[in-house]
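Below are the chains, spelled out letter by letter.
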Amino acid sequence: KTFTVTNNCGYTVWPGILSAGNSPAALDSTGFALAPGESRTMPAPHGWSGRLWGRTFCSTDPAGRFACATGDCGSGRLDCAGNAAKPPATLAEFTLDGSGGMDFYDVSLVDGYNLPMLVTPRGGVTGENCAPTGCMVDLNGKCPAELSVASPAAAGGGGVACKSACEAFGSAQYCCSGEYGNPNTCRPSAYSQFFKNACPRAYSYAYDDATSTFTCASGDTSYDITFCPSTASVKSVGSDHGMVYAGGAQLVSSSPRVAAKTWLPPGVIVVGVAVQKDILQSGVQSKADQSPVTVADYGSQILVSLVLKMEAPASSSFSMVAEEDSEELRKEGAEEILENITELVNETIVDDGTYSIYFSKEGILSAIDDGKSEGGPSGRHWVLDPIDGTKGFLRGDQYAIALALLDEGKVVLGVLACPNLSLGSIGNLNGGSSGDQVGALFSATIGCGAEVESLQGSPAQKISVCSIDNPVEASFFESYEGAHSLRDLTGSIAEKLGVQAPPVRIDSQAKYGALARGDGAIYLRFPHKGYREKIWDHAAGSIVVTEAGGLVTDASGNDLDFSKGRFLDLDTGIIATNKQLMPSLLKAVQDAIKEQNQAASPL
Ligand SMILES: Nc1ncnc2c1ncn2[C@@H]1O[C@H](COP(=O)(O)O)[C@@H](O)[C@H]1OP(=O)(O)O
Ligand SMILES: [Mg+2]
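Residues numbered from 1 in each chain as written. Chains lettered and ligands numbered in written order. Predicted model: local features only at pLDDT ≥ 70, side-chain atom pairs only at ≥ 80, totals over all residues. Heavy atoms only, no water.

### As for the packing of helix 8 (residues 335-352) against helix 9 (residues 361-368)
Phase 1: For the pair helix 8 and helix 9, the least separation of the axes is 10 Å and the interaxial angle reads 85°. Judged by the inter-axis angle, helix 8 sits roughly perpendicular to helix 9. The segment helix 8 lies against helix 9, with Leu338, Glu339, Ile341, Thr342 and Val345 engaging Lys361, Ile364 and Leu365.
Phase 2: Residues that form the contact of helix 8 with helix 9 fall into these classes: 5 nonpolar, 1 polar and 2 charged. (Axes fitted to C-alpha atoms, helices over the stretch in contact; angles between N-to-C directions. Helix = DSSP H or I, 4+ residues; strand = E, 2+ residues; numbered from the N terminus. Parallel < 35°, antiparallel > 145°, perpendicular 65-115°, else oblique. Contact = heavy atoms within 4.5 Å. Nonpolar A, V, L, I, M, F, W, Y, C, P; charged D, E, K, R; others polar.)

### Examining the nonpolar core
Phase 1: By size, the foremost hydrophobic cluster in this structure holds 43 residues, and its most contacted members are Phe3, Phe94 and Leu139.
Phase 2: When contributions to this core are tallied by element, the ones reaching two or more residues are strand 1 (2-7), strand 6 (91-98), strand 7 (102-108), strand 8 (117-122), helix 3 (190-198), strand 12 (214-217) and strand 13 (222-227).
Phase 3: Sorting elements by how many residues they give to this core places helix 3 first, with 4 residues.
Phase 4: Ignoring sequence-local partners within four residues, the contact set of phenylalanine 94 consists of Phe3, Trp48, Ser49, Gly50, Phe104, Tyr105, Val119, Tyr223 and Ile225.
Phase 5: Core analysis: the next-biggest nonpolar cluster, separate from the first, contains 41 residues, Val383, Cys418, Leu421 and Val452 among them. (Core = buried A, V, L, I, M, F, W, Y, C linked by side-chain atoms within 4.5 Å. Buried < 20%, exposed > 50% of the residue type's maximum accessible area, 1.4 Å probe, protein only.)

### A few points about the state of the cysteines
Phase 1: Per the counting criterion, the structure on display carries 8 disulfides.
Phase 2: Two residues share a disulfide in this structure: cysteine 135 and cysteine 199, whose sulfurs sit 1.9 Å from each other. Here cysteine 135, found in strand 9 (residues 133-135), pairs with cysteine 199, found in the loop between helix 3 and helix 4 (209-212); they are 64 residues apart in sequence, far enough to count as distant.
Phase 3: Take cysteine 135: its relative accessible area is 0%, and that puts it in the buried class.
Phase 4: Sulfur-sulfur distance for the disulfide between cysteine 166 and cysteine 175 comes to 2.0 Å. For the disulfide bridge between cysteine 166 and cysteine 175, the dihedral angle about the S-S bond is near 100°, and by the sign convention the bridge is right-handed.
Phase 5: You can call cysteine 166 partly exposed: its relative accessible area is 26%.
Phase 6: On the basis of relative accessibility, which here comes to 23%, the residue cysteine 175 falls in the partly exposed class. (Disulfide = S-S within 2.5 Å.)

### Topic: helix 14 (residues 582-600)
Phase 1: In this model, helix 14 (19 residues) spans 27 Å end to end at C-alpha, consistent with the 27 Å of a helix rising 1.5 Å per residue.
Phase 2: Elements in contact with the buried residues of helix 14: helix 11 (487-497), strand 23 (522-525), strand 24 (550-554) and strand 25 (574-578). (Expected span 1.5 Å × (residues − 1).)

### Observations concerning the pairing of strand 2 (residues 14-19)
Phase 1: Summarising burial for strand 2: 5 of the 6 residues are buried, a large majority.
Phase 2: Pairing analysis gives 6 bridges linking strand 2 to strand 4 (residues 49-60), with the strands arranged antiparallel. The residue bridging isoleucine 17 from the neighbouring strand is leucine 52, located in strand 4. (Pairing = 2+ DSSP bridges.)

### Some remarks on the UniProt feature "binding site: Mg(2+)" (unreviewed entry) in the protein
Phase 1: Taking the UniProt record as the reference, the feature "binding site: Mg(2+)" (unreviewed entry) is found at Glu323, Asp385, Ile387, Asp388 and Asp537. Sequence-wise these annotated residues cover 215 residues; spatially they are packed, their C-alpha atoms never more than 9.9 Å apart.
Phase 2: The class of aspartate 385 is buried, set by a relative accessible area of 1%.
Phase 3: For aspartate 385, the contacting residues outside a window of four places in its chain are Glu323, Ala400, Ile401, Ala402, Trp536 and Asp537.
Phase 4: Looking at the secondary structure, you find aspartate 388 in strand 15 (residues 380-388).
Phase 5: We classify aspartate 388 as buried; its relative accessible area is 8%.
Phase 6: Beyond its immediate sequence surroundings of up to four residues, aspartate 388 is in contact with Tyr399, Ala400, Ser508, Gln509 and Asp537. (UniProt positions renumbered as here; feature names shortened; annotations may be inferred.)

Spelled out as structure tokens, the structure:
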């Protein structure tokens, strides 16, 4: 029987461990460091009880004293040596081999929250209430201001933890003390509801036992404790996770950007990453069997629309313009694919743990059709490409999950998840970079700039397009797929401009993301005649670029018009670059097009 602690965060976490006073034995450590991706397994002694948490932003001062911005245990050393975590901290609590031969465990936010954590039983896994628990969500960004803990240790001095109402206000009512010291008088508060809605399986206040305590038959059940679990491939256990159709919780208050950003990764990226891995492993890379891509495509669309419906501020109507509809899936012969999608979606929801929702096959079909909106010039519409760059996805290369919000015909929000794009610059090289983290999440809100963060949830950083004003130093992006863009034309444009570097060819809207953070200077896209561009292929990418200070236009220099329905209505092609280079780029584009037309009709 073991505990395996894994750090899936994009940053180092220093676990701290406190054995309870009555615990018959201690674990073999009370504190250690876990680099990103690292894990450590420890024997779980019979009858052990105690708690485990993650410390973040730790360092040793010149006097040799070790301290952490969150979860610090005050020992001044790496090991906690019998000290508890200073709140706020997300806690995993265990009592092994308790009454009835059961292990009891929970994840608690009673002492506040500092990072996402998941506890998953493994091995024996029997017992009615033997299931994963935890808090998958990064709450630091959406913590109510009066509870938020900021630290200069975080990039940008942002929120690093979220206090409980008890700690923030100290009242008996919030702390369940004094006359509120029993479950009948101490009730959930608006603050505890904030935690409960985000993380329904975690303890949100002292008497939140009913929905927050989990039990497994002791036997040889081991436990995996994962920090930042959402991008890990969390496998489901047992057969019954107590799934019920329950409508689902509504977050008290969350801006669309926070909703879109926080919720794209957990389910959707897991699906993308897992399915791509399966495809690569099974060798299904031919076009003959597209079904794995199809499953990922539909699955991603369903999960995004589910999350948006749950998290976006309740508005009168929900409208989404998305690439897929259910027509193909309703046809004879599609039963197996529909079954696979249903299974994938339900499993992802259970593993994530945020919602208690179960999709029937009919539910799956109708959820897909949530994406049938026509968009247009009035009202608000979500715009989604569930997997952009399918060809890249199949090859194991770049792809993106692209989500944007249209308001009165204008893109006001864009989120672009690129699971295979390195977090650092891809420079002038095709693909690979200096071995740094992979998985970039771009986002932009109109008038507020663009940001990138790691898909593992690192703090966001402002990005801007490059400031090159001499085309000779510029490099340009284009499609990896030759069939998606006219290469003689892009080559001739580059030549006219004096661009020296060879084109950087990558799939999907990852190109817009890379351009927005200055990895390259220009993006050229000239589909063959007759190809009609869809809004979901450009909405998120273009706002990320424009909010990073760049320009995105058609070949005549017109802004892209997203108000015309599902298609973009544009002249010839799409070009993007910084403000300095745009005038000369436009001229080169027009000259090259003129030349090509003349060559085609020599009169
Ligand atoms: N003939 C085509 N010309 C231009 N773009 C295309 C063409 N066929 C498909 N696409 C779309 O281009 C996007 C990928 O572009 P990139 O070349 O930048 O990776 C995808 O959205 C893809 O659509 P789909 O999503 O239906 O595969
Ligand atoms: Mg696409």
